[in-house]
Amino acid sequence: MLSTLLRPLSSSFPHTFTGARAFTASAIDYSVFLISRLLNFPPIYLTIPASKQQFLVIAYDYTDAEALARRLAVRPAHLALATEDKKAGLVLSAGAILDSHEGGKMIGSSIIFESDSEQEVHDHVARDPYVTGKVWERWEVLPYLL
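Rules and cut-offs
Residues numbered from 1 in each chain as written. Predicted model: local features only at pLDDT ≥ 70, side-chain atom pairs only at ≥ 80, totals over all residues. Heavy atoms only, no water. Helix = DSSP H or I, 4+ residues; strand = E, 2+ residues; numbered from the N terminus. Buried < 20%, exposed > 50% of the residue type's maximum accessible area, 1.4 Å probe, protein only. Contact = heavy atoms within 4.5 Å. Phe/Tyr/Trp six-rings, centres within 6.5 Å; stacked < 30°, edge-to-face > 60°. Lys NZ or Arg CZ within 6 Å of the ring centre and 35° of its normal. pLDDT = per-residue confidence, 0-100. Core = buried A, V, L, I, M, F, W, Y, C linked by side-chain atoms within 4.5 Å. Salt bridge = Lys/Arg side-chain N within 4 Å of Asp/Glu carboxyl O. Pairing = 2+ DSSP bridges. Axes fitted to C-alpha atoms, helices over the stretch in contact; angles between N-to-C directions.

### Quick notes on the overall build of the protein
Okay, step 1: The secondary structure content of the protein amounts to five helices and four strands.
Okay, step 2: Starting at the N terminus, the α and β elements of the protein follow one another as α-α-β-α-β-β-α-α-β.
Okay, step 3: The 146 residues of the protein split such that 28% are buried.
Okay, step 4: A fraction of 63% describes how many contacts in the protein between residues 6 or more apart in sequence connect residues 24 or more apart.

Written out as C-alpha coordinates, the structure reads:
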(Lines give C-alpha, C1' and ligand atoms only; values in the text may rest on other atoms or scores of the structure.)
Protein backbone atom coordinates (compact mmCIF):
# COMPACT_ATOMS: atom_id res chain seq x y z
CA MET A 1 0.00 0.00 0.00
CA LEU A 2 2.81 2.44 0.83
CA SER A 3 4.40 2.01 -2.61
CA THR A 4 1.01 2.64 -4.21
CA LEU A 5 0.73 5.82 -2.17
CA LEU A 6 4.26 7.09 -2.79
CA ARG A 7 4.38 6.54 -6.57
CA PRO A 8 1.76 9.22 -7.36
CA LEU A 9 3.09 11.32 -4.50
CA SER A 10 6.59 11.57 -5.96
CA SER A 11 5.27 12.59 -9.38
CA SER A 12 2.84 15.25 -8.13
CA PHE A 13 4.57 17.00 -5.24
CA PRO A 14 5.73 19.79 -5.03
CA HIS A 15 3.18 21.44 -7.26
CA THR A 16 2.87 24.81 -9.00
CA PHE A 17 -0.38 26.71 -9.38
CA THR A 18 -1.10 29.50 -11.86
CA GLY A 19 -0.67 32.80 -10.03
CA ALA A 20 1.29 31.25 -7.17
CA ARG A 21 4.97 30.56 -6.76
CA ALA A 22 6.37 27.08 -6.78
CA PHE A 23 7.36 25.92 -3.35
CA THR A 24 9.48 23.27 -1.81
CA ALA A 25 7.62 20.87 0.39
CA SER A 26 7.97 21.64 4.06
CA ALA A 27 7.26 18.99 6.66
CA ILE A 28 3.77 20.42 7.20
CA ASP A 29 3.01 20.64 3.46
CA TYR A 30 4.17 17.07 3.02
CA SER A 31 2.17 15.84 6.00
CA VAL A 32 -1.03 17.50 4.83
CA PHE A 33 -0.52 16.11 1.34
CA LEU A 34 0.25 12.61 2.64
CA ILE A 35 -2.80 12.55 4.91
CA SER A 36 -5.03 13.71 2.04
CA ARG A 37 -3.70 10.80 -0.06
CA LEU A 38 -4.20 8.27 2.75
CA LEU A 39 -7.79 9.38 3.20
CA ASN A 40 -8.34 9.37 -0.54
CA PHE A 41 -9.13 13.11 -0.61
CA PRO A 42 -8.10 15.33 -3.50
CA PRO A 43 -4.54 16.61 -2.95
CA ILE A 44 -4.24 19.63 -0.66
CA TYR A 45 -1.46 22.15 -1.30
CA LEU A 46 -0.50 25.11 0.85
CA THR A 47 0.45 28.07 -1.33
CA ILE A 48 1.20 31.74 -0.82
CA PRO A 49 0.69 34.26 -3.64
CA ALA A 50 4.02 35.34 -5.12
CA SER A 51 3.58 39.11 -4.95
CA LYS A 52 1.52 39.91 -1.84
CA GLN A 53 2.51 39.40 1.77
CA GLN A 54 0.47 39.81 4.94
CA PHE A 55 1.46 41.97 7.89
CA LEU A 56 -0.03 42.51 11.33
CA VAL A 57 0.14 46.08 12.62
CA ILE A 58 -0.25 46.62 16.33
CA ALA A 59 -0.62 50.31 17.19
CA TYR A 60 -0.56 51.69 20.72
CA ASP A 61 -2.42 54.86 21.73
CA TYR A 62 -0.92 57.73 23.67
CA THR A 63 -1.81 57.45 27.34
CA ASP A 64 -2.24 61.12 28.28
CA ALA A 65 -5.58 62.46 29.52
CA GLU A 66 -6.56 63.88 26.09
CA ALA A 67 -5.72 60.70 24.09
CA LEU A 68 -9.28 59.37 23.96
CA ALA A 69 -10.66 62.76 22.91
CA ARG A 70 -8.12 62.95 20.04
CA ARG A 71 -9.04 59.40 18.99
CA LEU A 72 -12.75 60.23 18.85
CA ALA A 73 -12.07 63.51 16.98
CA VAL A 74 -10.20 61.85 14.07
CA ARG A 75 -12.05 58.53 14.12
CA PRO A 76 -14.38 59.37 11.19
CA ALA A 77 -11.38 60.18 8.93
CA HIS A 78 -9.56 57.05 10.11
CA LEU A 79 -12.61 54.84 9.43
CA ALA A 80 -13.13 56.42 5.98
CA LEU A 81 -9.52 55.58 5.06
CA ALA A 82 -9.90 52.06 6.49
CA THR A 83 -13.04 51.53 4.39
CA GLU A 84 -11.20 52.61 1.21
CA ASP A 85 -8.25 50.37 2.09
CA LYS A 86 -10.55 47.39 2.66
CA LYS A 87 -12.27 47.92 -0.71
CA ALA A 88 -8.84 48.16 -2.38
CA GLY A 89 -7.73 44.90 -0.74
CA LEU A 90 -4.94 46.52 1.27
CA VAL A 91 -6.63 45.91 4.65
CA LEU A 92 -8.04 42.46 5.36
CA SER A 93 -9.21 43.02 8.92
CA ALA A 94 -8.90 45.64 11.65
CA GLY A 95 -10.20 46.48 15.09
CA ALA A 96 -9.67 48.32 18.34
CA ILE A 97 -7.63 46.92 21.20
CA LEU A 98 -9.50 47.38 24.48
CA ASP A 99 -8.29 47.78 28.04
CA SER A 100 -10.79 45.04 28.96
CA HIS A 101 -14.14 43.69 27.79
CA GLU A 102 -15.75 45.16 30.89
CA GLY A 103 -14.23 48.65 30.55
CA GLY A 104 -14.26 48.81 26.75
CA LYS A 105 -11.81 51.72 26.56
CA MET A 106 -9.93 51.79 23.23
CA ILE A 107 -6.17 51.76 23.89
CA GLY A 108 -4.79 50.72 20.52
CA SER A 109 -5.54 49.07 17.19
CA SER A 110 -4.68 45.97 15.21
CA ILE A 111 -4.75 45.81 11.42
CA ILE A 112 -3.99 42.98 9.01
CA PHE A 113 -2.56 44.30 5.74
CA GLU A 114 -1.89 42.51 2.47
CA SER A 115 0.85 44.40 0.67
CA ASP A 116 3.83 44.14 -1.64
CA SER A 117 6.27 45.13 1.10
CA GLU A 118 6.68 45.92 4.77
CA GLN A 119 7.88 49.42 3.84
CA GLU A 120 4.60 50.10 2.02
CA VAL A 121 2.72 49.19 5.22
CA HIS A 122 4.97 51.46 7.35
CA ASP A 123 4.45 54.34 4.92
CA HIS A 124 0.69 53.81 4.85
CA VAL A 125 0.39 53.70 8.64
CA ALA A 126 2.50 56.87 8.94
CA ARG A 127 -0.14 58.74 6.87
CA ASP A 128 -3.12 57.40 8.87
CA PRO A 129 -5.23 60.05 10.65
CA TYR A 130 -4.55 58.25 13.95
CA VAL A 131 -0.82 58.95 13.49
CA THR A 132 -1.13 62.49 12.14
CA GLY A 133 -3.80 63.22 14.78
CA LYS A 134 -1.55 62.02 17.63
CA VAL A 135 -3.71 59.02 18.57
CA TRP A 136 -1.14 56.27 17.94
CA GLU A 137 2.06 56.87 19.85
CA ARG A 138 3.89 53.94 18.26
CA TRP A 139 3.26 50.90 16.14
CA GLU A 140 4.95 47.72 15.04
CA VAL A 141 4.64 45.83 11.77
CA LEU A 142 5.01 42.05 11.97
CA PRO A 143 5.10 39.46 9.17
CA TYR A 144 1.82 37.58 9.35
CA LEU A 145 -0.01 34.74 7.67
CA LEU A 146 -3.78 34.68 7.92
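There's more to say after this.
### Thoughts on the packing of aromatic side chains
Okay, step 1: Under the counting rule described, the total for this entry stands at one aromatic pair.
Okay, step 2: Ring centres of Tyr130 and Trp136 lie 5.3 Å apart, and the angle between their planes is 85 degrees; on these two criteria the pair is classed as edge-to-face. The same class applies to Tyr130 as to Trp136, namely buried.
Okay, step 3: When the ring centre of Tyr62 is taken as reference, the NZ or CZ atom of Arg70 above it lies at 5.4 Å.
Okay, step 4: Of note, Arg138 hangs over the ring of Tyr60, and the distance from its end group to the ring centre comes to 4.1 Å.

### Describing the confidence of the model for the protein
Okay, step 1: On average, the protein scores 80 in pLDDT, and the residues at 70 or more come to 66%.
Okay, step 2: Between residues 1-25, whose pLDDT stays under 50, and residues either more than four places distant or in other chains, the model counts 37 contacts.

### Some words on the nonpolar core
Okay, step 1: In terms of nonpolar packing, the biggest core is built from 14 residues, with Val57, Ile111, Phe113, Val121, Val125, Trp136 and Val141 touching the most fellow members.
Okay, step 2: For this core, the elements supplying multiple residues, two or more each, are β1 (53-61), β3 (106-115), α4 (118-126), α5 (129-132) and β4 (136-144).
Okay, step 3: No other element matches β1, which puts three residues into this core.
Okay, step 4: Each residue touching Phe113, except ones within four places of it in the same chain, is listed here: Gln53, Gln54, Phe55, Val57, Leu90, Val91, Val121, His124 and Val125.

### Focus on the pattern of salt bridges
Okay, step 1: In the structure shown here, the tally under the stated rule is three salt bridges.
Okay, step 2: For Arg71, the salt bridge is made with Asp61, and the minimal N-O distance between the two is 2.8 Å. Linking Arg71 in helix α3 (residues 67-88) with Asp61 in strand β1, this pair joins segments that are 10 residues apart in sequence.
Okay, step 3: Notably, a salt bridge pairs Asp64 with Arg70, separated by 2.9 Å at the nearest N-O pair.

### A few points about the sheet that holds strand β2 (residues 91-98)
Okay, step 1: Spatially, four strands are ordered β2-β3-β1-β4 in an open sheet, and the strand pairing comes out antiparallel. Since the sheet does not close on itself, it has two edges, and those belong to β2 and β4, each with one partner. Strand-to-strand twist across the sheet, computed as the mean angle between neighbouring axes with direction ignored, equals 15 degrees.
Okay, step 2: Pairing geometry for β2 and β3, over seven bridges, is antiparallel. By the bridge assignment, Leu98 is partnered in β3 with Met106.
Okay, step 3: The sheet strands contacting α3 are β1, β2, β3 and β4, and the helix crosses β3 at an angle near 20 degrees.
Okay, step 4: Relative to the sheet, α4 contacts β1, β3 and β4, its axis offset from that of β4 by approximately 155 degrees.

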